[in-house]
Every structure is written in structure tokens, then in C-alpha cells.
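Each chain is listed here by its residues.
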Amino acid sequence: MSNHDLMQRDLAVLWHPCTQMQDHESIPVVPVARASGIWLTDFDGKRYIDAISSWWVNIWGHAHPQINAALKAQLDTLEHVILAGFTHEPIVALSEKLVALAPAGLSRCFYADNGSAAIEVALKMSMHSWRNQGESGKTRFVSLAGSYHGETLGALSVTDIPLFSETYAPLITPQLRVPSPDWTLAPAGVSPEQFARQQFAVMETLLQERHAEISAVIVEPLVQGAAGMKMYHPVYLQLLREACTRYGVHLIADEIAVGFARTGKLFACDHAGITPDFLCLSKALTAGYLPMSVVMTTDDIYRSFYHRYETLKGFLHSHSFTGNPLAAAAALASLELFAEDPQLLRQQALAQVMAEELALLADHPHIAHVRQTGVIGAFDMVQDKAGNVPFDWRERRGLKVFQSALAQGVLLRPIGNTVYFMPPYVMTADELRQVIQVAVAAVDEACAAPAVGRDPGVSLP
Ligand SMILES: *Cc1c(COP(=O)(O)O)cnc(C)c1O
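Residue positions are given per chain, counting from 1 as you read along its sequence in written order. Predicted model: local features are reported for residues with pLDDT of at least 70 only, side-chain atom pairs are reported and counted for 80 or more only, and whole-chain, interface and lining totals are derived from all residues. Excluded from the side-chain calculations are hydrogens and water; all other atoms, namely the structure's heavy atoms, are used.

S.K.: Run through the overall build of the protein, naming residues and quoting values.
M.R.: Runs of H or I in DSSP of at least four residues are treated as helices and runs of E of at least two as strands, each being numbered from the N terminus. A tally of helices and strands in the protein yields 15 helices and 17 strands. The quantity called the radius of gyration is restricted to C-alpha atoms. Its globule counterpart is 2.2 Å times the number of residues to the power 0.38. Against the 2.2 N^0.38 benchmark of 23 Å for 461 residues, the protein shows a C-alpha radius of gyration of 22 Å, consistent with a compact globule. Principal axes of the C-alpha set define a box for the protein whose edges measure 65 × 55 × 45 Å. Partly exposed describes any residue whose relative accessible area lies between the buried limit of under 20% and the exposed limit of over 50%, with all areas from a 1.4 Å probe on protein chains only and scaled to the type maximum. Looking at the 461 residues of the protein, the share that counts as buried comes to 55%. Long-range pairs, those at least 24 residues apart, make up 71% of the contacts in the protein with a sequence separation of at least 6. Contacts are residue-level and defined by heavy atoms, with any inter-residue pair within 4.5 Å sufficient.

S.K.: Please give an account of the site of the ligand that cites residues and values.
M.R.: Only a single heavy atom is needed: when it lies within 4 Å of a molecule or strand, its residue is near that molecule or strand. Surveying the vicinity of the ligand reveals the residues Trp-56, Asn-114, Gly-115, Ser-116, Tyr-148, His-149, Gly-150, Glu-220, Asp-254, Ile-256, Ala-257 and Lys-283. Polar contact is defined as a pair of N or O atoms within 3.5 Å, subject to the rule that within protein one atom must be able to donate a hydrogen and the other to accept it, and that residues adjacent in sequence are counted only when both atoms are side-chain atoms. The separation between an oxygen atom of the ligand and a polar main-chain atom of Gly-115 is 2.8 Å. Ser-116 is positioned such that a nitrogen or oxygen atom in its side chain is 2.6 Å from an oxygen atom of the ligand. Surface accessibility follows the Shrake-Rupley procedure with a 1.4 Å probe radius. Residue values consider only the protein chains on display as shielding. Burial of the ligand by the protein amounts to 82% of the accessible area it has alone, namely 380 Å². When residues are sorted by character, Ala, Val, Leu, Ile, Met, Phe, Trp, Tyr, Cys and Pro go into the nonpolar class, Asp, Glu, Lys and Arg into the charged class, and all the rest, Gly among them, into the polar class. When the residues that make up the shell around the ligand are grouped by side-chain class, the tally is four nonpolar, five polar and three charged.

S.K.: Lay out the sheet that holds strand β10 (residues 250-254) in plain terms, naming residues and giving numbers.
M.R.: Any two strands between which DSSP finds at least two bridges are classified as paired. Pairing is mixed across the open sheet formed by seven strands, whose spatial order is β4-β12-β11-β10-β7-β5-β6. Edge positions in the open sheet fall to β4 (106-112) and β6 (176-178), since each of these has one partner strand only. Adjacent strand axes in the sheet meet at a mean angle of 20 degrees when their direction is disregarded. Both strand β11 (residues 278-281) and strand β12 (residues 293-298) contribute to a ladder of four bridges, which runs antiparallel. Bridge assignment links Leu-281 to a residue of β12, and that residue is Val-294. Where helix α5 (residues 115-132) meets the sheet, its contacts fall on β4, β5 (140-144), β7 (214-219), β10, β11 and β12, and the angle it forms with β12 comes to roughly 25 degrees. Comment: axis = line fitted to C-alpha atoms, over the contacting stretch for helices; angle = value between 0 and 180 degrees taken between N-to-C directions.

S.K.: Would you mind going over unusual backbone geometry in detail, with residue names and values included?
M.R.: Of note, the phi angle at Phe-260 is positive, near 65 degrees, even though the residue is not glycine. You can call Phe-260 buried: its relative accessible area is 3%. The backbone of Arg-396 shows a phi angle near 55 degrees, a positive value even though the residue is not glycine. Looking at the element boundaries, Arg-396 is found in the loop between β15 (389-390) and α14 (397-407).

S.K.: Quick rundown of the packing of aromatic side chains? Include the residues and the values.
M.R.: Pairing of aromatic rings covers Phe, Tyr and the six-membered ring of Trp, with a centre-to-centre limit of 6.5 Å; geometry is then stacked below 30 degrees between planes, edge-to-face above 60, and tilted otherwise. Applying the stated criterion to the full structure yields 13 aromatic pairs. Of note, Arg-108 hangs over the ring of Tyr-302, and the distance from its end group to the ring centre comes to 3.8 Å. In this scheme, Lys NZ or Arg CZ marks a charge over a ring once it lies within 6 Å of the ring centre and within 35 degrees of the ring normal.

S.K.: Summarise the pattern of salt bridges; cite the residues concerned and give the values.
M.R.: Close approach of charged atoms lets side chains of opposite charge pair. Salt bridges are counted wherever a side-chain nitrogen of Lys or Arg sits within 4 Å of a carboxyl oxygen of Asp or Glu. For the structure shown, the criterion picks out 15 salt bridges. Arg-246 is paired through a salt bridge with Glu-204; the nearest N and O atoms lie 2.8 Å apart. One end of the pair, Arg-246, is in helix α9 (residues 235-247); the other, Glu-204, is in helix α8 (residues 192-210), with 42 residues separating them in the sequence. A salt bridge links Arg-433 to Glu-357, with the nearest nitrogen and oxygen atoms 3.5 Å apart. With Arg-433 in helix α15 (residues 429-448) and Glu-357 in helix α13 (residues 345-359), this residue pair connects regions lying 76 residues apart in the sequence. Exposure remark for Glu-357: the relative accessible area of 8% places this residue in the buried category.

S.K.: Account for the packing of α8 against α9, with residues named and values stated.
M.R.: Viewed as axis vectors pointing N to C, α8 and α9 meet at an angle of 15 degrees, and their least axial separation amounts to 9 Å. If you check the angle between α8 and α9, you find them roughly parallel. Helix-helix and strand crossings are classified by hand; for α8 and α9 the assignment is right-handed. Residues Glu-193, Ala-196, Arg-197, Gln-199, Phe-200, Met-203, Glu-204, Leu-207 and Gln-208 of α8 form the contact with α9, whose own contacting residues are Val-235, Tyr-236, Leu-239, Leu-240, Ala-243, Arg-246 and Tyr-247. Split into classes, the residues belonging to the contact of α8 with α9 amount to ten nonpolar, two polar and four charged. Throughout, the term roughly parallel applies to angles under 35 degrees, roughly antiparallel to angles over 145, roughly perpendicular to angles from 65 to 115, and oblique to all others. Should the near helix be turned counterclockwise from the far one by less than a right angle, the crossing is left-handed, whereas a clockwise turn marks it as right-handed.

S.K.: I'd love a proper account of α13, names of residues and values included.
M.R.: In this model, α13 (15 residues) spans 21 Å end to end at C-alpha, consistent with the 21 Å of a helix rising 1.5 Å per residue. Among the residues of α13, Gln-347, Leu-350, Ala-351, Val-353, Met-354, Glu-357 and Leu-358 are the ones counted as buried. Seen along its axis, α13 keeps its buried residues to an arc of 160 degrees; they face one direction. Facing away from the buried side of α13, by more than 90 degrees, are the exposed residues Leu-345 and Ala-359. Check the buried side of α13 and you find it contacts α12 (325-339), β13 (367-373), β14 (376-384), β17 (418-421) and α15. By this rule the span expected of a helix is its residue count minus one, scaled by 1.5 Å. As used here, the arc is the angular range of directions from the helix axis to the C-beta atoms.

Here it is as C-alpha cells:
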């Protein structure tokens, strides 16, 4: 097999996700023959550092020996079994571990097989729980401006990224939206905490006025990923938890992107010391090995579905692959790796190196809003920093960064004009420094390039 052969076969039969396929007439797909640790390798032996953990999932890099071994052992024991009415050891052990690790009070695990499906489950469960308690008027959901919760129709209704939702508007039930606490929007001199408190005022008013029709508020705790790694202060989560309790509204924490130590604590909610009513996890749950998601919830919610006679009071939602044993075994092996270092020292050390490297970018003329939460770093490429003039996204300078970094052996995938880093936790300090230096060189190259007309295309997450 050669790179060329595989690319030709791909072009004949594949339809890639999140892609205008016509782009691939000029931008080749990247063939990957094998991967190990942070490295992806093509058929010519060319290597790329996976600096975005393959869309934020491979937290321990690729082909981790302990996860591989766990998966191989599981394969010869039980590859799959129906979870309705049946059970198996890996799913019970995984649920026990998750309950022990998650914010206190989340005592039940309901499984699905991807992030969007977990969001559908949480939305349905929230509304159904109120209904079971005689509150059938609570059917609306509140999300933040710039939110991303997945791309199935229910998830799109609480997603505020027009690129993904606009076309399908006729299929989507409109939901409620409030301003984001994203501190890149804060006026000069206003701290992230002050800004979070200010932005919360609209949420407070909405909940006060309309709580009778609101089932839940859904947020991405601390980092709005697909919006371009927009970050906010944890005080927003504390205020939100208090208000949701005060007004009788559920809080759904979508930690699909930020769960499992991405923010420097095992869960982003831990930074605020709060327990949501629903916690959605996926992406890093199986360390990128297999699709799986889980919605964790409280005893109160669970009991609102428990009934002796009424089947319809039960939560009858299901997915064919619910609780797959191979996925559960991979997830358990990943959690074992956290257990080897309960202080998360590795993640903290990596975050420290990231902070040092990002600090060097403060005076770069085309780099603004340098920001970091745990092991997520990001900045925005701008035309004129002093005048706060962004680049027109239609110039696709993010795509140029992608291409230039790839040529230097680093996989980055800017979102519009936002360049971000989501390294696997096994990356070394030197490798991370190299990644950020390559990114800056790629930004320099992209910013120096002439504006090539107004390409109607876009750079996608
Ligand atoms: C990726 C993501 C989802 C959707 O997960 P999929 O597995 O891609 O369906 C939902 N919410 C957040 C915050 C995400 O980052």
C-alpha cells in the first residue's frame, strides 16, 4: 500500500465528516498507516505529531500498551452482549469507577454510543423527569451563545453555531439562548470573573421569569470548544448551580470535550465544586479507542422514573451498542492510568510548559487573546492586534496554518482564525515546545500570505 493508492481509493468511495468534499480536489487527505504515542505515520514513513488528540479523544496518545492489552483480553472474553435485561463485568466496573470519580451525588450511569446521543439522552431525561413529577409544562432548554452540543437534531437545538444548524432550521425546535461568559468578549479592564458575573445577569433574569417552562440549562463547563476554545471563569458555574436549584431547573454539564483531566482537574465542574443534575461524557471516555458515551445523573432523577405499574414512566431510550464491553474495557484501562497518578501531576506539568510557551506570544503582532485552561491552549490570529482587527474568516488563514504545520510534521486543526492545542497527555515538554513553535511559524507564514480573494469556504473544527 502506498500513500497515493490509498488516497485514490479514498476519493472514489469516501464522504468525509465536516468537509466540503470539493476541497479535496486541491487539499489531499492525509493517509495514516499506523500510529503510536503522539505520532501518526504515513506509508512513506513520514510522521506527524497529533497535537489535537485526534479531535480531542486520544488523551493517552495512540496504541497505548495498557489499553491495547486490556482490549485484547476483553476481545477473547466477551465482545458484545445486549444490555437490556443483561449485564457484564466491564460495564458494572466502569459504572462503579465513574460514580466514585464524578462530582458527589452522580450515582447512576446511562450509556449511549457518541456525544450527540448523550445530549439527546440528557435532554429527554430532563424533560421526562419533570413530566413524571407532574410538571409537564417544563419543556424548554437554555444554552449559551456559541454553544456546541453535537449535531443530531435535538443537540442542534441547543447548539449555537450557525454553520452547523442554520441549514436545518426547519427541522429544529428553537430553544432559549443567553450571552456567553467567554472573556475574550470582555471590555478592557474587566476581569474574567467580573465578566462572568455580569454575563450571568441575563441568565438569572431568564430563569426567574420563565422557570415554569424551562426543563434544563445546558453548558460546556469552562471551555466552549467548537466555538473556538472560548473560556470562562468557574464562578459562572457556581452562580448557575445556585440559580438552577433556586428556580427548580436542571443543570446539564456537557463535559464531552473537557472531561477526563483536560482542564487540569478530572472534571471541569470540579473547578467550581458543583454537582450538575446530568453529566455528559464521551470523547476521552474510551481514550479514543471506541465510541461510547455516558450520562450520569442523581438518585432524585433516577427515582422519578421508578414505578411499579407504569412502563411509560420508565426511560425507554436505547441504542444497539449500549454498554459495549470492548468500549467499557478501554474506558476502564484509561481510568487505571489516571489511578496511577491521582494528583494529575503529568497534566499539570504539561499545562505549566504550555503556559510558559504561550507567555512568549504576548507581543506577537498577529496573535491575540492567548488563553489556556489546563491542557487546552488557544489564541486568535488577527490582522492588526493594536487596532483589534480580525482576519476575514473567508480568507481561510486557519487552513493555511493547518497546511503549513502539517508540512512541518504537526497536526493542528484551527477553528476559523483560532489556533488551539489539545495534546495527548503523554506528550513530553520538548515535544509540546516544538508543537507551539511550529504553530507560530505557521501563523507567521499564514499572516504574510496575500489575501487570496474571498473564498466562500470555511475552516471547520
Ligand atoms: C464533540 C462534542 C459533542 C458531540 O459529540 P459527538 O461524539 O461528536 O457526537 C457534544 N458536545 C461537546 C462539548 C463536544 O465537544
